[in-house]
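What the coordinates show
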Amino acid sequence: AVSLGLWAGGKFSAKELLPYIVSQLIGAIIAATALYFIVSGKQDFESIGGFAANGYGTLSPGGFSMAAAFVTEFILTAIFLLIILGSTNERAPKGFAPIAIGLGLTLIHLVSIPITNTSVNPARSMSQALFAGGDYLTQSWLFWVAPILGAVLAGFIHKLFLDKE
């Protein structure tokens, strides 16, 4: 989602998108595999359960609807992209982008973990859903569509209204 948002904001080349997205998916799956081996190494291990996968309805930590999950992921991903694009803009104070981005992502997680387990990253969502399986996989479409739409909208907003020299 971030890569597509940066593309929409004019900060990322279209020809680089596919390799980045594939690399991110592979990296996320490798990380989830490592996490699975760590978690399953516990002596009394029985199941990974939801494996912190994203979900809505009965798979939402707080029982939130599909519409609530979609709006949450859409808006928070858009906000995240606006933070990234704004804090890395030439006019922004130098050296503060990591602080703004890190604090922004922390706030996004605090808000959305109870709603969806926080996506804002389709690669992360897909990797967890692969291990959790079942309905987590069938619901994973939302955690691709909402963050990507939110990121692309934010990229266009930044490019059209905020990236003025």
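A brief look at the structure comes next. Because the structure is predicted, anything quoted here is derived from the model rather than measured.

Glancing now at the packing of helix 5 (residues 122-132) against helix 7 (residues 142-162). One way to put it is that helix 5 packs onto helix 7 with a least axis distance of 9 Å and a crossing angle of 175 degrees. As the angle between them shows, helix 5 and helix 7 are arranged roughly antiparallel. On the side of helix 5, the interface is formed by Pro122, Ser125 and Met126, while helix 7 contributes Phe143, Trp144, Pro147 and Ile148. Split by residue class, the contact of helix 5 with helix 7 holds 6 nonpolar, 1 polar and no charged.

Moving on, we get to the side chain of serine 140. Note on placement: serine 140 falls in the loop between helix 6 (135-139) and helix 7. Using a relative accessible area of 9% as the deciding quantity, one classes serine 140 as buried.

In this structure the tally under the stated criterion is 2 salt bridges. Residue lysine 11 is joined to aspartate 163 by a salt bridge in which the shortest nitrogen-to-oxygen separation is 2.9 Å. One end of the pair, lysine 11, is in the loop between helix 1 (2-8) and helix 2 (17-39); the other, aspartate 163, is in the segment after helix 7, and 152 residues separate them in sequence. Here lysine 11 falls in the partly exposed class, since its relative accessible area comes to 44%. In this structure, the salt-bridge partner of lysine 42 is aspartate 44, at a minimum N-O distance of 3.9 Å. Residue lysine 42 is classed as exposed on the basis of its relative accessible area of 54%.

Thresholds, definitions, all that
- Residues numbered from 1 in each chain as written.
- Predicted model: local features only at pLDDT ≥ 70, side-chain atom pairs only at ≥ 80, totals over all residues.
- Heavy atoms only, no water.
- Axes fitted to C-alpha atoms, helices over the stretch in contact; angles between N-to-C directions.
- Helix = DSSP H or I, 4+ residues; strand = E, 2+ residues; numbered from the N terminus.
- Parallel < 35°, antiparallel > 145°, perpendicular 65-115°, else oblique.
- Contact = heavy atoms within 4.5 Å.
- Nonpolar A, V, L, I, M, F, W, Y, C, P; charged D, E, K, R; others polar.
- Buried < 20%, exposed > 50% of the residue type's maximum accessible area, 1.4 Å probe, protein only.
- Salt bridge = Lys/Arg side-chain N within 4 Å of Asp/Glu carboxyl O.

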